[in-house]
Amino acid sequence: MIMGLTGDSKGQLLSQLAELVKEISGLPECRNSCKKMHGTLVRRIKLLSPLFEELRDGNEESMVKIEEIKGFELLKSALDSTKKLLQSINEGSKLHQALQKDQVAYKFQQMTETIEAALSEIPYDKLDISEEVQEQIELVHAQFRRAKGRPESPDLQLEHDLSIVQKEKDPDPAILKRLSDKLQLRTINDLTKESVALHELVITSGEDPGERIEEMASLLKKLKDFVLTENPEADTSEGEKGLMKHRSPVIPDDFRCPISLELMKDPVIVSTGQTYERSCIQKWLDAGHKTCPKTQQTLLHTALTPNYVLKSLIALWCESNGVELPKKQGTCRSRKAGSSASDCDRTAIIALLEKLANGNSEQQRAAAGELRLLAKRNADNRVCIAEAGAIPLLVELLSCTDPRTQEHAVTALLNLSINDSNKGTIVNAGAIPDIVDVLKNGSMEARENAAATLFSLSVIDENKVAIGAAGAIPALIKLLCEGSPRGKKDAATAIFNLSIYQGNKARAVRAGIVPPLMRLLKDAGGGMVDEALAILAILASHHEGRAAISQADPIPVLLEVIRTGSPRNRENAAAVLWSLCTSNLEQLKIAKDFGAEEALKDLSETGTDRAKRKAGSILELLQQLEVKEDAVSLSSL
């Protein structure tokens, strides 16, 4: 018997395909360096519309053979991915896309090949469609087939201009004008949006962005200075014009936040000595990063010290140049709904909550997605959304069967939890068991964002107990083994934070945390050595943790870290070694046999203060061991 789908199932799939084509066709026109690739792909996909409409409106009682359905389902998956790619191109940083043109072009080429492969699985001659539609679809298919072997030719002028502007301190204004036009960064509003997109790229980056972000920041600054010089009042609000009196003096580099490139209003210093705008670096830290965005050095701590001297200098500069000193944003409580002074739109949020509470599944998915983005955007929105009553509704959606809705809901709660007062509201709404369930059973994206949410909530001590009791730790360990690099880091930071509570240390050990940590510790190229050592150091303070670590042959790798690791990793390795050697004579003997004395002597001279203390203590134990062994040897003579 040939397998098939009923008319109803067929109709549903074809409706979804028709809707996808409609959504892709309705996307805004691309206004950046990807304009040609974006437009060509949208135009070809739009030509598929008659096929789905004619099939959908045809004989509903017909059966579709399995080989035909395979093609339609493949095509639906391909169009879903294409829609996401096109949306990300429209919403993302234009500078990032220009600098990463080859990678972006490769993604478009992949989408083209995927769509072509799906179309190849659809036997048009067996479908109940008109000859005219069949000819059109075969023509579109031929276009996709030809495009497979014809990658987008590089824009040599754009590449040349980018190279010149990156290298030269004061590039030719004609080149900056060409870049400004090509990238559609012509006005202050354009540049402000680009600055926000670049800021979001820094915050959401799964890895430390490093030199790539530095390049884009430098390019954006040069374009901003060019636009302000050439046309300072173009397309700006009255408030912006007020800031641009006297032809908008160029802001000194030292007064700009390295992340947002905007004039700082609340500058703070991190442990590496770099200064950032408080809200920007706080977002970076809240996203789980442990490094300085500018230098990529590991932060010794996350305390933020106000830079009063720089703040005073900025105030003097603003006064001297007729620039209004930027003010800290207040919360939306003090602003009227719909006020132009606030990004928080109460009316829009209330409408979204109505869809969350009473809408159909598609409306709920869309509303949760909108709230996710709004909560990510700024602090005002996070306060407004919580005050409007969104948190209990989002918690309900955590148990939704639609994976995408669940992803949106847990990520919206993650973004809302950045606000400390919202953490309590989320926990009081009964979210922890549902977030743990998402961590166990959701899609990979949902699991990773659930881990990040648990980390955010676990900042409050009483939540550590509740999260551990809800069964989060085994699921976090599984994510630590299976997740993407970002997911592994989210899982590790959550486990570390939870393990500060003594009871969770035992839970983690009994759930089998030590073997995965040892694998990560031995994989120097995996990027998780810092996290693995930090967790091992905290688990080694528990007797079950020490016993489990002792069974994992830890001494050789710990000594290797002490010899060659970063200052923080050497310190944590010494702390683990100290815990093992002070409680287990056998581990002390093994350390001696592997040459611990020489490595520890070096650490006692060059390590951090804590590392020096641990190294000195272990060296004393080794000396005592040597005295005992000598005594035993003498007594045996």
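Quantities reported herein were computed from a predicted structural model and do not represent experimental measurements.

To continue, consider the sheet that holds strand S4 (residues 275–277). Working definition: the strands of a sheet are paired by backbone hydrogen bonds and lie parallel or antiparallel to each other. What the three strands build is an open sheet, ordered S4-S3-S5; its pairing is antiparallel. The two strands at the open ends of the sheet, each matched to only one other strand, are S4 and strand S5 (305–306). Where strand S3 (residues 267–269) and S5 come together, two bridges link them in antiparallel fashion. When the bridges of S5 are listed, Ile269 appears paired with Thr305. Contacts from helix H13 (residues 278–286) reach S3, S4 and S5, with the element oriented near 95 degrees to S4.

The subject of this paragraph is the UniProt feature "repeat: ARM" (unreviewed entry) in the chain. The UniProt feature table records "repeat: ARM" (unreviewed entry) at residues 389–431, 430–472, 471–513 and 512–549. A distance of 11 Å separates the end C-alpha atoms of residues 512–549, which is 71% helix and 0% strand.

Turning to the side chain of Glu277, a few remarks are in order. Its location among the elements puts Glu277 in strand S4. Of the side chains with opposite charge, Lys265 comes closest to the buried, unpaired Glu277, at an N-O distance of 4.1 Å. Setting aside anything within four residues of it in sequence, one finds Glu277 in contact with Cys257, Met264, Lys265, Asp266, Pro267 and Val268.

Another aspect to go through is the packing of helix H25 (residues 485–498) against helix H28 (residues 529–539). At a closest axis distance of 10 Å, the pairing of H25 and H28 adopts a crossing angle of 20 degrees. On the basis of the axis angle, H25 is roughly parallel to H28. The two elements H25 and H28 cross, and the hand of that crossing is left-handed. Residues Lys489, Ala492, Ile495 and Phe496 of H25 pack against Glu531, Ala534, Ile535 and Ile538 of H28.

Here we take up the environment of Lys94. If you trace the backbone, Lys94 turns up in helix H5 (residues 94–99). For Lys94 and Lys193, which are 99 residues apart along the polypeptide, the C-alpha to C-alpha distance reads 9.9 Å. Apart from the residues within four sequence positions on either side, Lys94 is in contact with Arg31, Asn32, Leu183, Gln184, Leu185 and Glu194. Of the polar contacts made by the side chain of Lys94, one reaches the backbone oxygen of Gln184; its length is 3.2 Å.

What follows covers the confidence of the model for the chain. Averaged over all residues, the pLDDT of the chain equals 81, while 84% of them reach at least 70. Here helix H12 (residues 238–243) stands out as the least confident element of the chain, with mean pLDDT 40; helix H21 (residues 431–441) is the most confident, with 94. Predicted confidence for residues 1–8 stays below pLDDT 50, and this span has 14 contacts to residues more than four positions away or in other chains.

How each quantity is defined
Along each chain, residue indices are assigned from 1 in the same order as the chain's sequence is written. Local features are withheld for residues below a pLDDT of 70 in this predicted model, meaning they are given only at 70 or higher, and side-chain atom pairs are given and counted only at 80 or more; totals for whole chains, interfaces and linings count all residues. With hydrogens and water set aside, each side-chain value is computed from the structure's full complement of heavy atoms. Only strands joined by at least two bridges in the DSSP assignment are considered to pair. A helix here means a DSSP run of H or I that spans at least four residues, while a strand means a run of E at least two residues long, and both kinds are numbered starting from the N terminus. When checking whether two residues touch, look at their non-hydrogen atoms; a contact exists if any pair is within 4.5 Å. Angles run from 0 to 180 degrees between N-to-C directions of axes, and those axes are lines fitted to C-alpha atoms, restricted for helices to the stretch in contact. UniProt positions are given in the numbering used here, feature names are shortened, and annotations may be inferred rather than shown by experiment. Exposure is judged per residue with a 1.4 Å probe applied to protein chains only, and the accessible area is read against the type maximum: over 50% gives exposed, under 20% gives buried, and values in between give partly exposed. Positive charges come from Lys and Arg alone, negative charges from Asp and Glu alone, with His and the N- and C-terminal ends not counted. When a carboxyl oxygen of Asp or Glu is within 4 Å of a side-chain nitrogen of Lys or Arg, the pair counts as a salt bridge. Just so you know how the angles are binned, under 35 degrees is roughly parallel, over 145 roughly antiparallel, 65 to 115 roughly perpendicular, and the rest oblique. If you view the pair so one helix is near and one far, a crossing is left-handed when the near helix is turned anticlockwise from the far one by less than a right angle, and right-handed when it is turned clockwise. Side-chain atoms alone can form a polar contact between residues adjacent in sequence; in general such a contact is a pair of N or O atoms within 3.5 Å, and within protein one must be able to donate a hydrogen while the other accepts it. The predictor attaches a confidence to each residue, called pLDDT, with possible values from 0 through 100.

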